[in-house]
Structures are given as C-alpha cells and as structure tokens.
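# Structural characterization, general
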Amino acid sequence: MEENLTTIEMPKKRPTFLTVLCILSFIGSGYFGLIQPIYNYATFENTYAEKMQKTAEALEQMEEAGMESGFFYDMAANGMVQLKAMSENLEAITGANCLFALLSLIGVFLMFKLKKNGFYLYSFANVFWLLVPLALIDFDSMIMWTLIGAVITAIFIILYAVNLKHMN
C-alpha cells in the first residue's frame, strides 16, 4: 500500500522586531524623505528671505555678545551656507531626496514582505542618500548632520542585517 503524503508549508511569519523596524523606516523615509522635502520645496520661496534674515540677526547678536566662534555660531553660519546652497540647487536636492526616499520605501516594503532584495535596495538607497547634502549643499556645513545620519543609517542597516535570516 502506497501512502501519498502532501506537505503544506506555512508562510513565514514576520518577526515582530522586523515589523517594528519596517514601520519606523516607513515613517522616516515617508515623512523625512518625501513629505518634508516636498513641503520645503513648495514653501521655500516664501520662507527663504525670512530664514536668511533671522539667521543673519542671530549671527549679529552672537558677534555683539562676543561669541564669534563656538558651536552655536558655527551652526548659524552653516545655516546661512545651507540656505544659500538650497536656493541655488533646490530642484536637484528635492529630486535626489525624493528618489532615494522612494527607493528606500520600496526596499522597506520588500523587507516587510520578507524579500531579501529589499535589504540591498534599502542599504544602497540610504548610503547614497547620505551623499546628497554633501554633494549638493556644502560638504563643510553638512558634515556634522551627515555623520549623525550615518550613525542612524548604520544602526538600521545592522538591525535589518540581523533579520536577513528571516527573509528569502
């Protein structure tokens, strides 16, 4: 007598930790990557002059108070450089941010569906996304923010890499 056994494979269950990472990445890439740059693009023309004036006033007040150097003075001076660069390259900066945000979101969606290719797409998009402000705004004025972003990006990539064993 021959037995005919059929095995049914249950779909893989996504670990809770991976779900939480994906949700955080959806929020980060969706809000900071898409919504915020588009909002900045739409409102930049109306807010540019006011932001430049406030930054110039802050620099003046610090100079009058004898604080021509230091962290806060450097941050305000870098803010002026960033605003000027944004006014010159707004379309390119917004376009690059949106492109890498979309690639990042696609990668996160694939990882949410337990596809390993999503990890590689996410990693690629986020590493190159870090280069946008350095290349299009100003290397010196953006290096600190880029380093902070690099630490956060590295943490997320490492946390996703730990979960690769759950992906196909």
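Rules of the game
Residues numbered from 1 in each chain as written. Predicted model: local features only at pLDDT ≥ 70, side-chain atom pairs only at ≥ 80, totals over all residues. Heavy atoms only, no water. Axes fitted to C-alpha atoms, helices over the stretch in contact; angles between N-to-C directions. Helix = DSSP H or I, 4+ residues; strand = E, 2+ residues; numbered from the N terminus. Parallel < 35°, antiparallel > 145°, perpendicular 65-115°, else oblique. Left-handed = near helix turned anticlockwise from the far one by under 90°. Contact = heavy atoms within 4.5 Å. Nonpolar A, V, L, I, M, F, W, Y, C, P; charged D, E, K, R; others polar. pLDDT = per-residue confidence, 0-100. Salt bridge = Lys/Arg side-chain N within 4 Å of Asp/Glu carboxyl O. Buried < 20%, exposed > 50% of the residue type's maximum accessible area, 1.4 Å probe, protein only. Expected span 1.5 Å × (residues − 1). Bend = angle between axes of the 7 residues up to and from the residue.

Let us look at the packing of helix 2 (residues 71-112) against helix 5 (residues 139-162). For the pair helix 2 and helix 5, the least separation of the axes is 9 Å and the interaxial angle reads 25°. By the angle between their directions, the pair helix 2 and helix 5 is classed as roughly parallel. The handedness of the crossing between helix 2 and helix 5 comes out as right-handed. Within the contact between the two elements, helix 2 uses F71, M75, N78, V81, Q82, V108 and M111 and helix 5 uses S141, M142, M144, W145 and Y160. For the contact of helix 2 with helix 5, a count of residues per class yields nine nonpolar, three polar and no charged.

Next up on the list: the confidence of the model for the protein. One rule of thumb: low pLDDT means the predicted coordinates there are not for detailed reading. Scored by pLDDT, the protein comes out at a mean of 89, with 93% of its residues at no less than 70. Least confident of the elements in the protein is helix 4 (residues 131-136), whose mean pLDDT is 87; most confident is helix 3 (residues 117-129), at 95.

So, on to the pattern of salt bridges. What the rule picks out here adds up to one salt bridge. With a closest N to O distance of 3.1 Å, E50 and K54 form a salt bridge. Here the residue E50 and the residue K54 both occupy positions in helix 1 (residues 16-64), the gap between them amounting to four residues, near one helical turn. The class of E50 is partly exposed, set by a relative accessible area of 43%. Given a relative accessible area of 52%, K54 falls into the exposed group.

It is worth spelling out helix 1 at this point. Two residues of an α-helix separated by three or four positions point the same way, owing to the 3.6 residues in each turn. Between its first and last C-alpha atoms helix 1 spans 54 Å; for 49 residues at 1.5 Å apiece the expected length is 72 Å, and the helix comes up short by more than 12%. Largest kink in helix 1: about 70°, centred on F44. Just downstream of helix 1 lies G66, where phi reads positive at about 80°.

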